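Spelled out from the first residue to the last, the chains are:
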Amino acid sequence: MKLSELELQTVRSEFPVFAQHNPTLFLDNAGGSQVLGRVANRISTYLLTTSVQLGASYSTSQQASERVLQARRDVAELINAPDDREVVMGGSTTGLMFLLIQAIMPSIQAGDEVIITNTDHEANIGAWKRLQAAGAIIKVWEVNPNNMLLELSSLQQLLNSRTKWVAMTHASNVLGTINPVAEVARVAHAVGARLCVDGVAYAPHRLVDVQASGADIYVFSFYKVFGPHYAVLWGHFELLEKLAGLNHFFIGSENLPYKLQPGNVNFELSYGCAGIREYLIAIGESFGGKGSTRELMQHAFDRFEAHENSLAEQLLSFLRSRPQVRIIGLSEVAQDACKRVPTISFVVEGKDSESIVHHIDQYGIGIRYGDFYAKHLIHALDVEKHGGVVRVSIAHYNSSQEIDRLIEHLSEII
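Residues numbered from 1 in each chain as written. Predicted model: local features only at pLDDT ≥ 70, side-chain atom pairs only at ≥ 80, totals over all residues. Heavy atoms only, no water.

- Under an unreviewed UniProt entry, the name given to the protein is Cysteine desulfurase-like protein, and the organism recorded is Undibacterium nitidum.

1. Some words on the overall build of the protein
Here's step 1: Each helix and strand in the protein was counted, giving 15 helices and 15 strands.
Here's step 2: Taking 2.2 N^0.38 as the reference for a compact globule, 414 residues should give roughly 22 Å; the C-alpha atoms of the protein span a radius of gyration of 21 Å, in line with that estimate.
Here's step 3: With the C-alpha coordinates aligned to their principal axes, the bounding extent of the protein is approximately 65 × 50 × 35 Å.
Here's step 4: Counting over 414 residues, the protein shows a buried share of 57%. (Helix = DSSP H or I, 4+ residues; strand = E, 2+ residues; numbered from the N terminus. Rg over C-alpha atoms; globule rule 2.2 N^0.38 Å. Buried < 20%, exposed > 50% of the residue type's maximum accessible area, 1.4 Å probe, protein only.)

2. Quick look at the sheet that holds strand β9 (residues 325–328)
Here's step 1: As summarised here, the arrangement of the four strands in space is β9-β12-β15-β14, forming an open sheet in which the pairing is antiparallel. Strands with a single pairing partner mark the edges of an open sheet, and in this sheet they are β9 and β14 (368–370). Averaged over all pairs of adjacent strands, the angle between strand axes in this sheet comes to 35 degrees, irrespective of strand direction.
Here's step 2: Sheet topology places β9 next to strand β12 (residues 343–348); four bridges connect them, and they run antiparallel. (Pairing = 2+ DSSP bridges. Axes fitted to C-alpha atoms, helices over the stretch in contact; angles between N-to-C directions.)

3. Side note on the sheet that holds strand β2 (residues 87–90)
Here's step 1: Spatial strand order, β2-β8-β7-β6-β5-β3-β4: seven strands in an open sheet with mixed pairing. Only two strands of the sheet have a single partner each, and these edge strands are β2 and β4 (137–141). Shown here is a sheet whose adjacent strand axes are inclined to one another by a mean of 20 degrees, direction ignored.
Here's step 2: Bridging between strand β3 (residues 113–117) and β4 involves five bridges; their strand directions are parallel. The residue of β4 that forms the bridge with Ile115 is Lys139.
Here's step 3: Sitting on the sheet, helix α4 (residues 59–79) touches β2, β7 (217–221) and β8 (231–235), and the angle it makes with β2 is about 110 degrees.
Here's step 4: Relative to the sheet, helix α8 (residues 181–190) contacts β4, β5 (163–169) and β6 (194–198), its axis offset from that of β6 by approximately 155 degrees. (Contact = heavy atoms within 4.5 Å.)

4. Structural notes on the state of the cysteines
Here's step 1: Scanning the entire structure with this criterion turns up zero disulfides.
Here's step 2: Considering cysteine sulfurs only, Cys273 is the nearest to Cys196, which forms no disulfide, with 19 Å between them.
Here's step 3: Given a relative accessible area of 0%, Cys196 falls into the buried group.
Here's step 4: On the basis of relative accessible area, Cys273 is assigned to the buried category, the value being 1%. (Disulfide = S-S within 2.5 Å.)

5. Brief notes about unusual backbone geometry
Here's step 1: A cis amide bond links Leu256 to the next residue, Pro257, at an omega of 0 degrees.
Here's step 2: Residue placement: Pro257 occurs in the loop between α10 (237–242) and α11 (267–286).
Here's step 3: Within the chain, Asn264 stands out as a residue other than glycine whose phi angle is a positive 75 degrees.
Here's step 4: If you trace the backbone, Asn264 turns up in the loop between α10 and α11.

6. A few points about the packing of helix α12 (residues 293–320) against helix α15 (residues 400–410)
Here's step 1: For the pair α12 and α15, the least separation of the axes is 10 Å and the interaxial angle reads 15 degrees. With respect to their mutual orientation, α12 and α15 come out roughly parallel. As for the relative orientation of α12 and α15, their crossing is right-handed in sense. Residues Leu311, Gln314, Leu315 and Phe318 of α12 pack against Ser400, Ile403, Asp404, Leu406, Ile407 and Leu410 of α15.
Here's step 2: Here the residues of the contact of α12 with α15 sort into seven nonpolar, two polar and one charged. (Parallel < 35°, antiparallel > 145°, perpendicular 65-115°, else oblique. Left-handed = near helix turned anticlockwise from the far one by under 90°. Nonpolar A, V, L, I, M, F, W, Y, C, P; charged D, E, K, R; others polar.)

Have a look at this one:
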C-alpha cells in the first residue's frame, strides 16, 4: 500500500530540498539520494561547536570524541552489527574496498581463488582483481543473460576448496534484482570461503541486517541512503582483527576499527550519518510502529517498500505496454520468487538511450543513461549498442503523481 498523502508529506518534510520548491523531479536516486535535514544539521552543529581534535582532556574535545563514538554506535545499530568496533567508516564504497584489499593482500597465496560476478558495480570487481598481484586466480560468476539472474547452480560449479572469497552485490544497480546473499553465504562457507557483499543499491530500500545477510564483509555508501558522501564497511570482529593494519606502525592490530582507517574518520560526516538512524526511528513511530529501535526502523522500511513497490509497478506496467521496450531486469516487482528494488532500467529498440534521457531533461525530470559503472553487465546483456540503459531510480519520497508525469513524457518518445 502506498504512503498516504499525509505520510508522504511527513517524509518529504524531512528533506529540505522539497521545501525549497526545487524544480527538479528526482528520479536518479540510485546515483545519490536527497539529504535529510537531520543529517545536514548534525554536520553543521559538529563543525560549528566541536571542530577540534579528538582524545584531549579538555571538555570540547571530550564532547567531540563522544559524538563521533556515539555516531559509530548508531551506525552499528542501523546495520545490526554485534559490536561497534566492527564498523569501519570512510570516504566511499570504492575507497573502502581498496583499503580492504590492501588489508587482505598479505593473506593471499598463489593459487587462491576469488569469485566475482559480472553484474556488480566496478567497486566490487576491480578491487578484487588487484589480488592477482599476490597470485590469486579470479573467476567470474556470470549472469544468465536470458533471465538476468545470478544462479546458484552456476556459482557451485566455480566453488572449490581453493576458493577464499566470493564478492557480489546485494542488489544490482542496473537490474534492481535482490540477490539471495544468505544462501550464497551458506554455500560459500561450506567450502571455507568468505563472502563480501556490496549493499549500495540495496540499503536505500531495505533495512540492512549484516548478521542476517550471512556476509563476512558488508559495505555501502550513505549518500545513497539519505546521508552525506560517506560510507561504511562492516566485518566480523575476528576477521577484521586478523587483517593487516593500514594505519601508523604503532596502531596495534587489536585497535579496531582505527587500524583500518588511515587518517581516522571524517568526524563531522560520521556524526551526520547518525541522523539517518534518527530519521528512521522517528518515521517508524510516526507510521504507528512499536517496539525496539530496530523494530521501529524496520516498520519504516516496510512502509517504504510497499510504497516503492507500488510506484515501481506503475512504471513497469507502462514499460510492459510498449512492445519496443526491453526491460533490463525483472519486468514485475515480484517475479519467479525473486524481488527487486525500484531501480528500473530499460532500452528501446531503434533509439539511443541518450536521446530518451535528453527528451526527459527538458521537463525537469532527473533520470540517467549509461553503464553506471557496471560495464561487464552492460556488455553481457548486449546493450552497449544503445549507449547503455535508461535508468529510473525511485525512492520512498517520490509520489505516484511524479511517476505519472514521467510516464506522460516517456510516452511522447517511446
